[in-house]
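# Structure at a glance
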Amino acid sequence: MKILVVEDDKGVSEMLRKGLSASSHVVEIAEDGNEGSFLARNYEYDAILLDYSIPHKNGLALCREIRGSGKTTPIIFLSVMSDTQTKVSALEQGADDYVTKPFSIDELQARLKAVSRRPNQVNRQNILKVGDLILDTDRQTVTLSGKIIHITRKEFSLLEYMMRNAGVVLSRAMIMEHVWTSDTDPLSNTVESHIRNLRKKLSQKNKSSMIKNVTGRGYCIKCVE
């Protein structure tokens, strides 16, 4: 998952970055409401973690703005405030869940999985299959023809995105937006490099690569005979 964290406490945001990245999530940090609003409305995320009290624009206003732009991205509020009225206000503005600080990464991971399974979040199964290739997001494993394939966290995120869109041609720009953060140099060859590494790790004797180049359009993953 690609997750936007809107949090002005650097200690909390770094804890979230490290904890979620350890499960191969792509994490982007916004430190105030204005930055969070811009990123949430202009880029695609699988979930948004939103602090209640943030500079320039509070969490309620930001949530309302995101929903007003037509975005249906799951939003989970993170707050030290535990009173019922505050929670109700957040849910009424379009939040999907509310987590009271302090919380554990394990609890947050469970909440993220729960909101990602809701009806308006399509194609969020935890075990993905393309031919003999199986990716398990819970166990963070990849197997090919029953053999464990060892890949990096970024390769895992890239492969997950491609497998969730198996058979679909994904442009380089789409891959950059869903797998890398917005501050990544768009002119770098990071996409091509990671695609090349995945091809090597997923190669099978006497079989063509599962990851196909579509000239002038991008990349596509599909079964091979």
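Being a predicted model, the structure only gives us computed values, none of them experimental.

## Considerations on the packing of helix α6 (residues 153–164) against helix α8 (residues 190–201)
- Here α6 crosses α8 at 85°, and the two axes come no closer than 10 Å. Here α6 is positioned roughly perpendicular relative to α8, judged by the angle of their axes. Contacts from K154, E155, L158, L159 and M162 of α6 reach α8 at H194, I195, N197, L198 and K201.
- Looking at the contact of α6 with α8 residue by residue, the class counts come to five nonpolar, two polar and three charged.

## A closer look at α6
- Between its terminal C-alpha atoms α6 stretches 16 Å, which fits the 16 Å expected from twelve residues at 1.5 Å a residue.
- The element α6 is largely enclosed, with a buried count of ten among its twelve residues.
- Listed in full, the buried residues belonging to α6 are E155, F156, S157, L158, L159, E160, Y161, M162, M163 and R164.

## Here's the deal with the sheet that holds strand β8 (residues 141–144)
- Pairing is antiparallel across the open sheet formed by four strands, whose spatial order is β6-β7-β8-β9. Two strands bound the open sheet, and with one partner strand each, they are β6 (127–130) and β9 (147–148).
- Pairing analysis gives four bridges linking β6 to strand β7 (residues 133–136), with the strands arranged antiparallel. For K129, the partnering residue across the bridge sits in β7 and is I134.
- Running at roughly 115° to β7, α6 makes contact with β6, β7 and β8 of the sheet.

## A word on the pattern of salt bridges
- Applying the stated criterion across every chain, the model contains 14 salt bridges.
- Between R41 and E65 there is a salt bridge whose closest N-O contact spans 3.6 Å. One end of the pair, R41, is in helix α2 (residues 33–42); the other, E65, is in helix α3 (residues 59–68), with 24 residues separating them in the sequence.
- Overall, R41 belongs to the partly exposed group, its relative accessible area being 36%.
- Two residues, E65 and K57, come together in a salt bridge whose shortest N-O distance is 3.1 Å.

Each value, and the rule that gives it
- Residues numbered from 1 in each chain as written.
- Predicted model: local features only at pLDDT ≥ 70, side-chain atom pairs only at ≥ 80, totals over all residues.
- Heavy atoms only, no water.
- Axes fitted to C-alpha atoms, helices over the stretch in contact; angles between N-to-C directions.
- Helix = DSSP H or I, 4+ residues; strand = E, 2+ residues; numbered from the N terminus.
- Parallel < 35°, antiparallel > 145°, perpendicular 65-115°, else oblique.
- Contact = heavy atoms within 4.5 Å.
- Nonpolar A, V, L, I, M, F, W, Y, C, P; charged D, E, K, R; others polar.
- Expected span 1.5 Å × (residues − 1).
- Buried < 20%, exposed > 50% of the residue type's maximum accessible area, 1.4 Å probe, protein only.
- Pairing = 2+ DSSP bridges.
- Salt bridge = Lys/Arg side-chain N within 4 Å of Asp/Glu carboxyl O.

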